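Examination of the molecular architecture
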Amino acid sequence: MRLARRHLLPILALAGFTVPHRSSAAAPSGKPVYILNGPNLDLLGKRQPDLYGRDSLQDVERLCRETGNRLGLGIEFRQTNSEGGLVDHVHEAREKAAAIVINPAAYAHTSVALQDALHACELPIIEVHLTNTFKREAYRHTDYAAQVATAQINGCGTNGYRLALEQVHHLLDKA
Ligand code: DQA
């Protein structure tokens, strides 16, 4: 039987052992969480700020790194404007990541290639959208990524990335 770390820690503490805090790339596999961002997210903060908010993608990266440090998760943060580039990042994550957090942006609604790439990953995949896409135009209600993701966080703004990392931590801790 394999005990989750959170169950093991109190037992070890009672037995007088001190357990070091997990290091920064401390998913049980030692692999980082890949945080992948699709097209136009490089314009975050400048593009339709009333809709997407005033935080830049650099602010989002900072939030993810702070959250990763707090949770003991290593972070690999990427953005690309091309569909093939996003698929390539997913292929890399498939080999090197403990989990994927992805905001595919518009490719969520159009890309079967991205869905196929995500489907090929045996990893937790949390899809994030800053806005609630189901309250928006009908063409945003189709979501190819959501059909293969473990979970989706929709409409929480940049806080969605923090929530996604907390869920990744929860899932990896249970594994
Ligand atoms: C988005 C929602 C998508 O519909 C849109 O194309 C984006 C951003 C979001 O984070 O709310 O570019 O992914």
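Throughout what follows, the structure given in this document is the object of discussion.

The rules behind these values
Residues numbered from 1 in each chain as written. Predicted model: local features only at pLDDT ≥ 70, side-chain atom pairs only at ≥ 80, totals over all residues. Heavy atoms only, no water. Axes fitted to C-alpha atoms, helices over the stretch in contact; angles between N-to-C directions. Helix = DSSP H or I, 4+ residues; strand = E, 2+ residues; numbered from the N terminus. Parallel < 35°, antiparallel > 145°, perpendicular 65-115°, else oblique. Left-handed = near helix turned anticlockwise from the far one by under 90°. Contact = heavy atoms within 4.5 Å. Nonpolar A, V, L, I, M, F, W, Y, C, P; charged D, E, K, R; others polar. Salt bridge = Lys/Arg side-chain N within 4 Å of Asp/Glu carboxyl O. Buried < 20%, exposed > 50% of the residue type's maximum accessible area, 1.4 Å probe, protein only.

1. Examining the packing of helix α3 (residues 57-71) against helix α7 (residues 159-174)
Contact geometry of α3 with α7 gives a least axis separation of 9 Å together with a crossing angle of 25°. The angle between α3 and α7 places the two elements in the roughly parallel class. The way α3 lies across α7 gives a crossing that is right-handed. Of the residues in α7, those touching α3 at Val60, Leu63, Cys64, Thr67, Gly68, Arg70 and Leu71 are Tyr161, Arg162, Leu165, Glu166 and His169. Taken together, the residues that form the contact of α3 with α7 break down as six nonpolar, three polar and three charged.

2. Remarks on the pattern of salt bridges
Charged atoms that come close allow side chains of opposite charge to pair. Counted under the stated rule, the structure contains ten salt bridges. Close ionic contact of Glu92 with Arg78 constitutes a salt bridge, the shortest N to O distance being 2.8 Å. Taken together, the positions of Glu92 in helix α4 (residues 83-96) and Arg78 in strand β2 (residues 75-79) put the pair 14 residues apart, joining distant regions of the chain. A relative accessible area of 24% places Glu92 in the partly exposed class. Taking relative accessible area as the criterion, Arg78 reaches 17% and is therefore assigned buried. The salt bridge involving Glu166 is made with Arg162; its shortest N-O contact spans 3.0 Å. Pair noted here: Glu166 and Arg162 are both in helix α7, with a separation of four residues, about one helical turn. A relative accessible area of 26% means that Glu166 is categorised as partly exposed. For Arg162, a relative accessible area of 25% puts it in the partly exposed group. Sharing partners across several salt bridges, the network here consists of Arg70, Arg162 and Glu166.

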